[in-house]
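The chain contents come next:
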Amino acid sequence: MRRIAAADWFRIRPLADGVTWIDEPWIKEFYRCNMWHLRGRERDLLVDSGWGLVGLREHIPLVTERPLVAVASHTHFDHVAGHHEFPERWVHQAEADILAHPTRLGTLAEPYATEDAFDALPPLPGLAATYCPKAAPATRLLEDGDVVDLGDRALEVIHTPGHSPGGIALFERATGILFSGDIVYDGPLVEGCPGADLADYVRSMRRLMTLPVRVMHGGHFPSCSGERLQALITDWLRKRDA
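First things first, this report covers the structure right here in the doc. If you're wondering where the values come from, they're calculated on a predicted model, not measured in any experiment.

1. Considering helix 5 (residues 198-209)
1) Next: Here helix 5 spans 17 Å end to end across 12 residues, near enough to the 16 Å set by a 1.5 Å rise per residue.
2) Next: Along helix 5, the residues that are buried comprise Tyr201, Ser204, Met205 and Leu208. Buried residues of helix 5, seen end-on, are gathered within an arc of 100° and therefore sit on one face of the element.
3) Next: Where the residues of helix 5 are buried, they touch strand 9 (154-159), strand 10 (168-172), strand 11 (177-181) and helix 6 (226-241).
4) Next: The distance from a side-chain oxygen at the start of helix 5 to the backbone nitrogen of Ala199 is 3.1 Å, and the residue carrying that oxygen is Asp197.

Following this line, the structure appears as C-alpha cells:
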C-alpha cells in the first residue's frame, strides 16, 4: 500500500457559520473521524483530533493561530489520538481516566486500528501492534450542562452516553449547530462496541430529538440538516422498538 506525504495527509474544508471540517481522506470513510474547528472571539474550538498519525499542529496552521481548546466527544482512539498536541484538553469526567491513561483496549485501538481501515498509509509506520494514543490528561472535566465559552459563542455540553459512557455532544443554541460525536451521524452507527449501552443510547437519542437543530456535524460521514437528524433518530428508534 502506498504512503502519503505528511503535507498531503489532511483535508481542510471551510463550511458556513465559522466551521472548518478537517479529516484524513486516506482513511476509509467508516473509520475516518471528522474534526471540527470553530472560530470564536477569544478562543477557538477543536472537536476531536483524529488518529494522531500526522501532527495536526505541524501541518494545519489553522489550529495554531489563536488560543484553542481541544474537546473530546469521547475517547475512542480515532477521536483523541491528536489531543496530546494541545495544551487545553477537555473531556467528560466519565472518560477522563482513558484520556490520561490510554490503552489499546480502552481506546478501542484493539481491534479496530489496522491497515484494513486505510486506502493509503501515512508517511511513517504507525499501525504496529503497539499503536495507542499518547496520554493527554484533561485540563478541564466536563459535565452535562456545562458551557464551552469562546467569547462570542457558547456551546452547551450534552452528555450522550450510549456509544461510550462519557460521550458528549455540543450544541450552540444561537445557531442551531450540533456537534454530535458518535452518538448519531448520517451513516452506520456503532452500538455494540465495548462500553456501549443500548438503554443509554435510546435515552440520548430521545434527548437529541428535542433540540432545535439546524445542522448536525457528526463524528463520521458528512454533515446533515436538522430535518435529516430527526429522520435518522426516528428511524433508529423505530427499529429498536420493533
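Moving on from the coordinates now.
2. Some remarks on the pattern of salt bridges
1) Next: According to the stated counting rule, one finds 16 salt bridges in the structure shown.
2) Next: The partner of Arg39 in a salt bridge is Asp44, with the nearest N and O atoms 2.7 Å apart.
3) Next: Between Asp186 and Arg228 there is a salt bridge, and its shortest N-O distance comes to 2.9 Å. Pair noted here: Asp186 is in the loop between strand 11 and helix 5 and Arg228 is in helix 6, with a separation of 42 residues, a long-range link.
4) Next: Asp186 sits in the partly exposed class, given a relative accessible area of 25%.
5) Next: Several salt bridges converge on common partners, so that one network encompasses Arg39, Asp44, Glu65 and Arg66.

3. Description of the packing of aromatic side chains
1) Next: Tallied over the full model, the rule gives 10 aromatic pairs.
2) Next: Summarising the aromatic geometry, the rings of Trp51 and Phe77 are spaced 4.7 Å apart at their centres and angled 90° between planes, so their arrangement reads as edge-to-face. Of this pair, Trp51 sits in the loop between strand 4 (44-47) and helix 1 (56-59) while Phe77 sits in helix 2 (residues 77-80), and the two are 26 residues apart along the sequence.
3) Next: Accessibility expressed as a relative area gives 3% for Phe77, which makes it buried.
4) Next: With centroids separated by 6.1 Å and ring planes inclined at 85°, the aromatic side chains of Phe77 and Tyr131 adopt a geometry described as edge-to-face. A residue pair is termed long-range when its members are at least 10 positions apart, and Phe77 in helix 2 and Tyr131 in the loop between helix 4 (109-112) and strand 7 (140-142) qualify at 54 residues. In this structure, Phe77 and Tyr131 share a single accessibility class: buried.

4. Considerations on the nonpolar core
Generally speaking, a soluble globular protein has its nonpolar side chains buried in company with each other.
1) Next: Of all hydrophobic cores here, the largest spans 30 residues; its most connected members are Trp9, Phe10, Ile22, Trp51, Leu56, Phe118 and Tyr131.
2) Next: The contact partners of Phe10, leaving out residues within four places of it in the chain, are Ile22, Asp23, Glu24, Pro25, Met35, Val54, Gly55, Leu56, His59 and Ile60.
3) Next: Grouped together as the second largest cluster of nonpolar side chains are 19 residues, Trp90, Leu155, Leu170 and Ile177 included.

5. Here's the deal with the sheet that holds strand 9
1) Next: Here we have 6 strands laid out as an open sheet, ordered 8-9-10-11-12-13, and mixed in their pairing. Each edge of the sheet is formed by a strand with only one pairing partner; in this case those strands are strand 8 (147-149) and strand 13 (224-225).
2) Next: As paired strands, strand 11 and strand 12 (residues 215-218) are joined by 4 bridges and run parallel to one another. Bridged to Ile177 within strand 12 is Val215.
3) Next: Sheet contacts for helix 5: strand 9, strand 10 and strand 11; angle to strand 9, the most-contacted strand, approximately 150°.

6. Here we look at the sheet that holds strand 3 (residues 35-38)
1) Next: Pairing is mixed across the open sheet formed by 7 strands, whose spatial order is 1-2-3-4-5-6-7. Looking along the sheet, the strands with just one partner apiece sit at the ends: strand 1 (11-14) and strand 7. Averaged over all neighbouring strand pairs, the angle between strand axes comes to 25°, with direction disregarded.
2) Next: With 3 bridges joining them, strand 6 (residues 89-92) and strand 7 adopt parallel strand pairing. Of the residues in strand 7, the one forming a bridge with Val91 is Leu141.

7. Observations concerning the pairing of strand 1
1) Next: By the bridge criterion, 4 bridges tie strand 1 to strand 2 (residues 19-23) in an arrangement that is antiparallel. Note that in strand 2 the partner of Pro14 across the bridge is Thr20.
2) Next: Hairpin connection of strand 1 to strand 2: 4 residues between the antiparallel strands, including Asp17 at a positive phi of 70°.

Rules used throughout
Residues numbered from 1 in each chain as written. Predicted model: local features only at pLDDT ≥ 70, side-chain atom pairs only at ≥ 80, totals over all residues. Heavy atoms only, no water. Helix = DSSP H or I, 4+ residues; strand = E, 2+ residues; numbered from the N terminus. Expected span 1.5 Å × (residues − 1). Buried < 20%, exposed > 50% of the residue type's maximum accessible area, 1.4 Å probe, protein only. Arc of directions from axis to C-beta. Contact = heavy atoms within 4.5 Å. Polar contact = N/O pair within 3.5 Å; in protein donor to acceptor, adjacent residues only side chain to side chain. Salt bridge = Lys/Arg side-chain N within 4 Å of Asp/Glu carboxyl O. Phe/Tyr/Trp six-rings, centres within 6.5 Å; stacked < 30°, edge-to-face > 60°. Core = buried A, V, L, I, M, F, W, Y, C linked by side-chain atoms within 4.5 Å. Pairing = 2+ DSSP bridges. Axes fitted to C-alpha atoms, helices over the stretch in contact; angles between N-to-C directions.

Distances and angles like these do not, on their own, reveal function.
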